[in-house]
Amino acid sequence: MGLQLAEARIQRDETNYPPKMLFVFGDSYADTGNTRIDQPGSWKQPYGITFPGKPAGRFSDGRVLTDYIATYLGLKSPVPYKFRKLMQQRLKYGMNFAFGGTGVFDTSSKNPNMTIQIDFFKQLIKENMYTTSDLSNSVALASVAGNDYNYYLATNGSIEGFPSFIASVVNQTVTNLLRIQRLGVRKIVVGGLQPLGCLPSSTAQSSFKQCNSTFNDLVVLHNNLLNQAVTKLNQQTKDHSTFIVLDLYDTFMSVLNHPSTNNITDQLKPCCFGLSSQYSCGSVDENNVKKYKVCEHPTSAFFWDLLHPTQAGWQAVYNKLQTTSALHQIRY
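Predicted model only: the values in this text are computed from it and were never measured.

Parameters and conventions
Residues numbered from 1 in each chain as written. Predicted model: local features only at pLDDT ≥ 70, side-chain atom pairs only at ≥ 80, totals over all residues. Heavy atoms only, no water. Helix = DSSP H or I, 4+ residues; strand = E, 2+ residues; numbered from the N terminus. Rg over C-alpha atoms; globule rule 2.2 N^0.38 Å. Buried < 20%, exposed > 50% of the residue type's maximum accessible area, 1.4 Å probe, protein only. Contact = heavy atoms within 4.5 Å. Areas by Shrake-Rupley, 256 points an atom, 1.4 Å probe, with all protein chains shown as cover. Lys, Arg positive; Asp, Glu negative; His and termini not counted. Charge placed at Lys NZ, Arg CZ, Asp CG, Glu CD. Pairing = 2+ DSSP bridges. Salt bridge = Lys/Arg side-chain N within 4 Å of Asp/Glu carboxyl O. Core = buried A, V, L, I, M, F, W, Y, C linked by side-chain atoms within 4.5 Å. Axes fitted to C-alpha atoms, helices over the stretch in contact; angles between N-to-C directions.

**Q** Please clarify how the overall build of the protein chain should be interpreted in this entry.
**A** Counting its regular elements, the protein chain contains 11 helices and eight strands. For the protein chain, whose C-alpha radius of gyration is 20 Å, the value lies close to the compact-globule estimate of 20 Å for 332 residues. Taking the principal axes of its C-alpha atoms as reference, the protein chain extends roughly 75 × 45 × 40 Å. Of all 332 residues assigned to the protein chain, the portion counted as buried reaches 53%. For the protein chain, long-range pairs separated by at least 24 residues make up 69% of all intrachain contacts whose partners lie at least 6 apart in sequence. Element-wise, carbon and sulfur atoms account for 52% of the exposed surface of the protein chain, whose accessible area totals about 15,700 Å². If the 30 positive side-chain charges of the protein chain are averaged to one point and the 23 negative ones to another, these points end up 6 Å apart.

**Q** Just checking my understanding: could you explain helix 5 (residues 147-154) for this structure?
**A** In an α-helix, one turn spans 3.6 residues; hence positions three or four apart end up facing the same way. Within the sequence span of helix 5, burial applies to Asn-147, Asp-148, Tyr-149 and Tyr-152. Turning to helix 5, the residues buried within the fold contact helix 6 (162-182) and helix 8 (213-235). Positive backbone phi, at 65°, marks Asn-156, one or two positions downstream of helix 5.

**Q** Explain the pairing of strand 4 (residues 138-142) here, please?
**A** Side-chain positions along a regular strand alternate between the two faces of the sheet. Extensive coverage of strand 4 is indicated by the burial of five of its five residues. Neither face of strand 4 is left uncovered, since the one carrying Ser-138, Ala-140 and Ala-142 and the one carrying Val-139 and Leu-141 both have all their residues buried. With five bridges joining them, strand 1 (residues 21-25) and strand 4 adopt parallel strand pairing. Pairing of Met-21 across the sheet is with Ser-138, part of strand 4. Of the pairings in the sheet, the one linking strand 4 to strand 5 (residues 187-191) comprises four bridges and is parallel in character. Residue pairing for strand 5: Ala-142 is matched across the bridge by Val-190.

**Q** Would you mind going over the pattern of salt bridges with me for this structure?
**A** Counting across every chain of the model gives three salt bridges. Among the ionic pairs, Asp-67 bridges to Arg-58, the shortest N-O distance being 2.8 Å. Note that Asp-119 and Arg-179 form a salt bridge whose closest N and O atoms lie 2.7 Å from each other. Within this pair, whereas Asp-119 is found in helix 3 (residues 114-126), its partner Arg-179 is found in helix 6, the two being separated by 60 residues in sequence. Given the relative accessible area of 35%, Asp-119 is considered partly exposed.

**Q** Teacher, can you tell me more about the nonpolar core here?
**A** Formed by 86 residues in total, the largest nonpolar core has its most connected members in Leu-22, Phe-23, Phe-25, Met-95 and Phe-121. Those residues in contact with Phe-121, other than ones at most four positions away along the chain, are Phe-23, Phe-25, Phe-97, Leu-135, Leu-183 and Val-185. Within the second largest apolar cluster, seven residues are counted, among which are Cys-272, Cys-281, Tyr-292 and Trp-304.

**Q** In this structure, what is going on with the sheet that holds strand 1? I would like to understand it.
**A** A sheet is described by the order of its strands in space; here six strands give the open sequence 2-3-1-4-5-6, paired in parallel fashion. Edge positions in the open sheet fall to strand 2 (79-80) and strand 6 (243-246), since each of these has one partner strand only. On the sheet, helix 2 (residues 65-73) packs against strand 1, strand 3 (94-96), strand 4 and strand 6 and is oriented at approximately 160° with respect to strand 1. With respect to the sheet, helix 3 is in contact with strand 1, strand 3 and strand 4, its orientation differing from that of strand 1 by roughly 145°.

Right, dumping it as structure tokens:
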């Protein structure tokens, strides 16, 4: 009897144990260095000016969602897949497979979509880089931040066809989450879609004064379908909480609607922007002359460029997420 009790106690302790590793999939909201140095954005000045002080492959002036989730788990940010051979001492924290510009389907980016990112992960497991025990003590974060929708619109997708395209994006997302689970990962966290209608790329036409409600209504449809699908997935798992949705819509909106709580004064205007519509943050002309402007205080802006939050923006979102139940569930 004593032995059984001891075993039960060990099992119980294991279930409350903080995860040892974080595996990350998705796009620029989660990428910490996988995109190529010759691609626009994350490896160019002035990206990374707040942290680490120079461009380092993050689509922000500093830390991004991955860094905050890792901090919450008490881990160092996992090594980007691209640097796995150069930073072997960091492999014990997991790995980041996310590539900026990608979606669950192919987009205009030549970077690997989420299916291929999961293939990379599967291959490393096959090569015994991670054991079954590692995986069963790990969390996966999947970021789906809307690149599929940008590409749909850019390739003349119709508004009438949008709802059925949203359903196919959510279905593919669910397929991806199940694949990650079947590879042995214990908890899988997926980002709900942020309010795309509030991104500076959408609010530029109102001089960064007003969110685009048509876009946000489509985002709500995506999130409703995702929440329904994840609820269904959890009903089919034994502990009913394997899959977790991070509500980025409400957390973004909460910060944007109450900016002063987070010392943010510019909630919709980006900190870094091109000097004209042909340029963007980080653009230079053929003589290497800067064609962008950076605000004086990135810490008081929510958005860094036309699509991505600043470190201060992500910090505010993370602070808000900590008041929700979703993050607590990640810690088993």
